[in-house]
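# Observations on the model geometry
The primary structure of each chain is shown beneath.
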Amino acid sequence: MPQIQLMQATPEDIPAMLRLLDSYAQKQLVLPRTAADLQQNIQNFIVAHDGARLAGVAALRPYGDGFFEVRSLAVAHGYKNVGVGTRLVNALLEKARSIQPPAVKVFALTKRPHLFLRIGFRLALRERFPAKIWTDCLMCPKYNNCDETAVEYRL
Ligand SMILES: CC(C)(COP(=O)(O)OP(=O)(O)OC[C@H]1O[C@@H](n2cnc3c(N)ncnc32)[C@H](O)[C@@H]1OP(=O)(O)O)[C@@H](O)C(=O)NCCC(=O)NCCS
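In this text the structure is predicted, and so the values were computed from the model without any measurement. (Residues numbered from 1 in each chain as written. Predicted model: local features only at pLDDT ≥ 70, side-chain atom pairs only at ≥ 80, totals over all residues. Heavy atoms only, no water.)

### Details of the site of the ligand
In the neighbourhood of the ligand, 19 residues make up the surrounding shell, with V75, N81, G83, G85 and T86 lying closest. Residue V82 places a main-chain N or O atom 3.2 Å away from an oxygen atom belonging to the ligand. Protein burial of the ligand: of its 920 Å² of free accessible surface, 73% is covered by the chains. Breaking the shell around the ligand down by element, the ones donating at least two residues are β4 (67-75), α3 (84-97) and α4 (113-119). In terms of residue count, the dominant contributor to the shell around the ligand is α4 (four residues). (Near = heavy atom within 4 Å. Polar contact = N/O pair within 3.5 Å; in protein donor to acceptor, adjacent residues only side chain to side chain. Areas by Shrake-Rupley, 256 points an atom, 1.4 Å probe, with all protein chains shown as cover. Helix = DSSP H or I, 4+ residues; strand = E, 2+ residues; numbered from the N terminus.)

So this is what it looks like as structure tokens:
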């Protein structure tokens, strides 16, 4: 596997992050993000770098009351299936563990539940995350026909 390094995202990463997320948003695999959105929330993002190339990205979004969501998880073609996605999720769990006041729970809505279950997440009901439903799901065309699985990790 190439020498992939994980680090906090910086504004310099934004153009490559946008390109990567956009390529998957077009396939409805992640929610679309804008440059302004990334700029405003850059502290939530971590990136995986192969030298100057962006191999992956992921974000930990706070919801209050110690709840956090893994979102915008994406690994570039050419870097898939060698553990980069797993490393990104584990790094977000580390980030959640270091947060004050302490994080309580990390959740995700995903089409790839196995990836999360292997790490130690458990299946959950999406109704347990009403803030997510009120912000993202209500605007989703698949609201009544959701093809994502909710998973959660208690810290
Ligand atoms: C989903 C996604 C982020 C996974 O990233 P990834 O880097 O390929 O993930 P990993 O390599 O950690 O794991 C993928 C598979 O590779 C295998 N794998 C993981 N680590 C491995 C290793 N060290 N060696 C060999 N195989 C490995 C596992 O079988 C795993 O399958 P599983 O997830 O069904 O259990 C990536 O495919 C992607 O960007 N998809 C498009 C965007 C998307 O769907 N995002 C939403 C995700 S919630």
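### Let's talk about the packing of aromatic side chains
This model, assessed by the stated rule, comprises five aromatic pairs. Ring geometry for F107 against F129: centres 4.0 Å apart, planes inclined by 5°, an arrangement best described as stacked. You can see F107 sitting in strand β5 (residues 105-110) and its partner F129 sitting in the loop between β6 (122-124) and α5 (130-135), a full 22 residues away along the chain. Across the pair, F129 and F107 agree in class, each one buried. Pairwise contacts between aromatic rings join Y63, F67, F107 and F129 into one cluster. (Phe/Tyr/Trp six-rings, centres within 6.5 Å; stacked < 30°, edge-to-face > 60°. Buried < 20%, exposed > 50% of the residue type's maximum accessible area, 1.4 Å probe, protein only.)

### Considering unusual backbone geometry
Note: most peptide bonds trans; most residues except glycine with negative phi. Note that the residue after Q100, namely P101, is joined by a cis bond; omega there is -5°. As for its placement among the helices and strands, P101 is situated in the loop between α3 and β5. Backbone geometry at N81 places phi at a positive 65°, although glycine is not the residue there. Here N81 lies in the loop between β4 and α3. Look at N81 and you get exposed, because its relative accessible area is 75%.

### Comments concerning the nonpolar core
Ranked by size, the top nonpolar core spans 42 residues in total, and within it M17, F45, V57, V106, F116 and F121 carry the most contacts. Judged by nonpolar contacts, the second largest core, of eight residues, contains Y63, L109, F129 and C137. (Core = buried A, V, L, I, M, F, W, Y, C linked by side-chain atoms within 4.5 Å.)

### Some remarks on the pattern of salt bridges
Taken as a whole and assessed by the stated rule, the structure comprises nine salt bridges. The partner of E152 in a salt bridge is K105, with the nearest N and O atoms 3.2 Å apart. With E152 in strand β7 (residues 149-154) and K105 in strand β5, this residue pair connects regions lying 47 residues apart in the sequence. Across this residue pair, the class does not change: E152 and K105 are buried. With a closest N to O distance of 3.9 Å, K111 and D147 form a salt bridge. Of the two residues, K111 sits in the loop between β5 and α4 while D147 sits in the loop between α5 and β7, which places them 36 residues apart along the sequence. The class of D147 is partly exposed, set by a relative accessible area of 39%. Taken together, the salt bridges that share partners define one network made up of R61, E69 and R71. (Salt bridge = Lys/Arg side-chain N within 4 Å of Asp/Glu carboxyl O.)

### Considerations on the environment of M7
Tracing the chain through its elements places M7 in strand β1 (residues 5-8). What makes M7 partly exposed here is its relative accessible area of 33%. For the pair M7 and V57, spaced 50 residues apart in sequence, the C-alpha to C-alpha distance is 9.7 Å. Once residues within four sequence positions are removed from consideration, M7 is found in contact with I46, V47 and H49. (Contact = heavy atoms within 4.5 Å.)

Such coordinate-based values are descriptive only and should not be taken to indicate function.
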